[in-house]
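Each chain, letter by letter, is given below.
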Amino acid sequence: MVTSANSLKKGGVTILVGAQWGDEGKGKWIDILAENTNIVARYQGGNNAGHTLYVDGEKVVLHQIPSGIFREGQTCALTSGVVINPVEMVEEIKKVQKIIQVSPDRLWLSARSHVISPWHIWLDGKKEKEAQNPIGTTKRGIGPAYSDKAARVGLRLGEYIDPVRRQAWFDRMSYESEDFSKLAKENAEAWEAFHGAAEKLASYVCNAEQNLRAAMQHSQTILLEGAQGALLDINHGTYPYVTSSETCSGGAFASLGFAPKYVDKVYGVAKAYVTRVGEGPFPSELHDEDGAYIAKQGNEFGATTGRPRRCGWLDAVALKYCQEVNGFDGIILNKMDILTGMQEIKICTAYKHPKLGLIKEFPWDGNILAECKPVCETLPGWTDPMPTSGKIADLPENALKYIAAVEQAANCKVTMVGTGVNRTDGLFL
Ligand code: GDP
Ligand code: IMO
Ligand code: MG
């Protein structure tokens, strides 16, 4: 069990997964826990992610590079299940370089990962614009890049950095698609940047999965950084209002190329309330002053797109479901400080459906979920300020009661609590 930032199992693999619809504070917690690991790897998603951390008081938002990069001596890896925007990656490396040195021995980009091109970004925008029911994507080309991967027409990073293979892909796509060919002519600048980034990234591209397996053989401590959240998982999330990758702990193994038996612990990061960006069902969503209060206190705007995040009470039906799907060994209950000052706090412990009555299990069907109303337990709030470090037991009494209610409803122990934005702001058991 993690009792401090130093206590991840040495030589083990720990997975940290978003336990809601993303933006739970994964970046900050990875940065905290990375202090004593050797490698932090991201296994899915792309630059749809926006992970915020504060390094020496300076705010940094990472979209592709894992949030362990600011720890001295740490290696960061992106493995086969990730999609990479090469132009953005070059910019992100430059951004991080201003704070800490980044070199190919500190950043491994999997040759197997798939590349996001201007074509995918254009397609994402077009689909969203023309859709009857848009998903509210980040328009970063994520869905189309994964579609091409599954259709076996994608471009892998290892091929992208080879000018001959990159050109062959480009020519084939131009030949097969009129739209692609048109876009290639119309948007020459974006394509120039796309081709230009290849040389700059080449030295980072490697057999990242093999490196990770070798690191495990040498008893290195590995932390896996989930992006998005379990409810945005392509298989287990609120389909079709999901992202296009496997965000849950099980998805990690396919991407990393190693066996589940090596995993030591899985933690789920959940906000003490819930937010969601984009479309899709959200039973505990608030449209009243409590929702506005949480949005304001929590500064709930997307780290990638700047869109306002929809806010609601903690949904324990969904959290319990995420615990079951991911096998959480503990929940990291984050942003607890945001609820300070509220008179009453609610937890959604069941749903009420007009035809099906009381529902206690998270439904597979988004249409049913959209018709559900939350059934809530009400708890007293607290006004005392919260400690930002130390023990969970040091929290105000009503905050502890709230945590106990979350544990009971979600059937999982809360093992860490977040009460501030900094890399020191974590409470442990
Ligand atoms: P991620 O995508 O899961 O890494 O989360 P984001 O970075 O998109 O959103 C989390 C936001 O909450 C960021 O602005 C963080 O700086 C902030 N944050 C993280 N943990 C805490 C916390 O415990 N308290 C407060 N007040 N803010 C936090
Ligand atoms: P992090 O890692 C919150 C949402 C989008 C949209 C849906 C599909 O910062 O938690 P996509 O562009 O992936 O095709 O969009 O998923 N989404 C996120 N929401 N946090 C994220 O990442 C997200 N990444 C994608 O808003 O609803
Ligand atoms: Mg985010």
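In this text, all values refer to a predicted model and were calculated from it rather than measured experimentally.

Here we take up the overall build of the protein chain. A tally of regular secondary structure across the protein chain gives 14 helices and 21 strands. Over its C-alpha atoms the protein chain spans a radius of gyration of 21 Å, differing by no more than 12% from the 22 Å that the globule rule assigns to 429 residues. Each principal axis of the C-alpha distribution contributes one length, and for the protein chain these read about 65 × 50 × 40 Å. When each of the 429 residues of the protein chain is scored for burial, the buried share is 57%. By sequence separation, contacts in the protein chain at least 24 residues apart represent 76% of the contacts at least 6 residues apart. Per element, the accessible surface of the protein chain, about 17900 Å² overall, is 49% carbon and sulfur. Computing the positive centroid from 46 side-chain charges and the negative centroid from 50, the protein chain places the two 2 Å apart.

Lining the immediate surroundings of ligand 2 are 20 residues, of which Asp 23, Lys 26, His 51, Thr 138 and Thr 243 lie closest. A distance of 3.4 Å is found between an oxygen atom of ligand 2 and a backbone nitrogen or oxygen belonging to Gly 136. Here an oxygen atom of ligand 2 sits 2.9 Å away from a polar atom, N or O, in the side chain of Arg 307. Taken by itself ligand 2 offers 550 Å² of open surface, and the protein chains cover 97% of this. Split into classes, the residues belonging to the shell around ligand 2 amount to seven nonpolar, ten polar and three charged.

With that settled, the discussion passes to the coordination of the magnesium ion (ligand 3). Coordination of the magnesium ion (ligand 3) by the protein is provided by Asp 23 (OD) and Gly 50 (O), with metal-donor distances spanning 2.0 to 2.2 Å. Pair noted here: Asp 23 is in the loop between β1 (13–18) and α1 (26–33) and Gly 50 is in the loop between β2 (39–42) and β3 (51–55), with a separation of 27 residues, a long-range link. Relative accessible area serves as the criterion here: at 21%, Asp 23 is assigned to the partly exposed category. The class for Gly 50 is buried, based on a relative accessible area of 11%.

A word on the environment of Leu 183. For Leu 183, the position within the fold is in helix α7 (residues 178–186). A relative accessible area of 5% places Leu 183 in the buried class. Apart from residues no more than four positions distant in its own chain, Leu 183 is found in contact with Pro 118, Trp 119, Trp 122 and Trp 191.

On to the domain arrangement of the protein chain, then. One can read the domain layout of the protein chain as domain 1 (13–112 + 204–267), domain 2 (114–202) and domain 3 (269–428). Using only C-alpha atoms to locate each centre, domain 1 and domain 2 end up separated by 23 Å. In this assembly, 28 residues from domain 1 lie in contact with 25 residues from domain 2. At the boundary of domain 1 with domain 2, total buried surface from both sides reaches about 2100 Å², with 66% on carbon and sulfur atoms. When the area that domain 1 buries against domain 2 is broken down by residue, the three leading residues are Val 83, Pro 86 and Val 205, summing to 25%.

The next subject is the side chain of Gln 20. Counting through the fold element by element, Gln 20 comes out in the loop between β1 and α1. What makes Gln 20 buried here is its relative accessible area of 4%. A polar contact of 2.9 Å, which involves the side chain of Gln 20, links it to the backbone nitrogen of Lys 271. With residues up to four places along the chain from it excluded, the contact list for Gln 20 reads Gly 229, Ala 230, Leu 231, Leu 232, Val 269, Ala 270, Lys 271, Tyr 273, Val 274 and Leu 314.

Reading guide: rules and limits
Residues numbered from 1 in each chain as written. Chains lettered and ligands numbered in written order. Predicted model: local features only at pLDDT ≥ 70, side-chain atom pairs only at ≥ 80, totals over all residues. Heavy atoms only, no water. Helix = DSSP H or I, 4+ residues; strand = E, 2+ residues; numbered from the N terminus. Rg over C-alpha atoms; globule rule 2.2 N^0.38 Å. Buried < 20%, exposed > 50% of the residue type's maximum accessible area, 1.4 Å probe, protein only. Contact = heavy atoms within 4.5 Å. Areas by Shrake-Rupley, 256 points an atom, 1.4 Å probe, with all protein chains shown as cover. Lys, Arg positive; Asp, Glu negative; His and termini not counted. Charge placed at Lys NZ, Arg CZ, Asp CG, Glu CD. Near = heavy atom within 4 Å. Polar contact = N/O pair within 3.5 Å; in protein donor to acceptor, adjacent residues only side chain to side chain. Nonpolar A, V, L, I, M, F, W, Y, C, P; charged D, E, K, R; others polar. Donors = N, O, S within 2.8 Å, 3.2 Å for Na, K, Ca; no water. Domains from an automatic or database assignment. Buried area = accessible area lost by both parts, 1.4 Å probe.

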